Amino acid sequence: QVQLVESGGGLVQPGGSLRLSCAASGSIFSRYGMGWYRQAPGKQRELVAAITSAGSTNYGDSVKGRFTISRDNAENTVYLQMNSLKPEDTAVYFCNARTVAGGTYVDHWGQGTQVTVSS
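What you see is a predicted model; the values in this text were computed from it and never measured. (Residues numbered from 1 in each chain as written. Predicted model: local features only at pLDDT ≥ 70, side-chain atom pairs only at ≥ 80, totals over all residues. Heavy atoms only, no water.)

Reading across from one edge, β1-β3-β8-β7 is the order of the four strands in this open sheet, with antiparallel pairing throughout. The open sheet has two edge strands with one neighbour each: β1 (4-7) and β7 (67-72). Sheet twist, expressed as the average angle between the axes of neighbouring strands with direction ignored, equals 15°. Bridge count between β1 and strand β3 (residues 18-24): four bridges; the pairing is antiparallel. Counted as the bridge partner of Glu-6 is Cys-22 from β3. (Pairing = 2+ DSSP bridges. Helix = DSSP H or I, 4+ residues; strand = E, 2+ residues; numbered from the N terminus. Axes fitted to C-alpha atoms, helices over the stretch in contact; angles between N-to-C directions.)

The following block contains the structure:
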């Protein structure tokens, strides 16, 4: 039902910035909850940021004040602006779309994009 394609990852120095983009398929994108998760080697996937269909946002504690999630429903795209990047932000970042099916949430995932923060 939902296809997600991330872009914008790469190598950046500590203190630098990156903007990730996630393009989603579907004519009902405006109804999807969207989010960004990340996973480093040997660690569990963790929430970075999420945005509801109404535009409310939620951030993981480690990125509050540094990252901003936004969405453009006309372009079926969600963004993650990452500022003041730290080495511990290094991970594969995955775009997430959340839909409702049978009264339960179903998560859809993109292929991931690598973000490396290093000097």
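Let us now look at the environment of Pro-41. Position of Pro-41 relative to the elements: it lies in the loop between β4 (33-39) and β5 (46-51). The exposed category is assigned to Pro-41, whose relative accessible area is 81%. Once the C-alpha coordinates of Pro-41 and Gln-114 are considered, the two residues, 73 residues apart in sequence, prove to be 12 Å apart. (Buried < 20%, exposed > 50% of the residue type's maximum accessible area, 1.4 Å probe, protein only.)

This part covers the pattern of salt bridges. Once their charged atoms are close, side chains differing in charge can pair, the charge on each being opposite to the other. Applying the stated criterion across every chain yields a total of five salt bridges. The closest approach of N and O atoms between Lys-64 and Asp-61, which form a salt bridge, is 3.2 Å. Overall, the relative accessible area of 48% leaves Lys-64 in the partly exposed class. Its relative accessible area of 66% is what places Asp-61 among the exposed residues. (Salt bridge = Lys/Arg side-chain N within 4 Å of Asp/Glu carboxyl O.)

On to the packing of aromatic side chains. A complete count under the given rule lists two aromatic pairs for this structure. Between Phe-29 and Tyr-32, the ring centres sit 6.1 Å apart and the planes meet at 80°, which makes this aromatic pair edge-to-face. Classification of Tyr-32 as buried rests on a relative accessible area of 2%. Judged by centre distance (5.1 Å) and plane angle (75°), the rings of Tyr-37 and Trp-109 are edge-to-face. On the criterion of sequence distance, the pair formed by Tyr-37 in strand β4 and Trp-109 in strand β10 (residues 104-109) is long-range, its members being 72 residues apart. The partly exposed category is assigned to Trp-109, whose relative accessible area is 35%. We note Arg-71 situated over the ring of Phe-29; from NZ or CZ to the ring centre the distance is 4.7 Å. When the ring centre of Tyr-105 is taken as origin, the NZ or CZ atom of Arg-98, which lies over that ring, is 5.2 Å away. (Phe/Tyr/Trp six-rings, centres within 6.5 Å; stacked < 30°, edge-to-face > 60°. Lys NZ or Arg CZ within 6 Å of the ring centre and 35° of its normal.)

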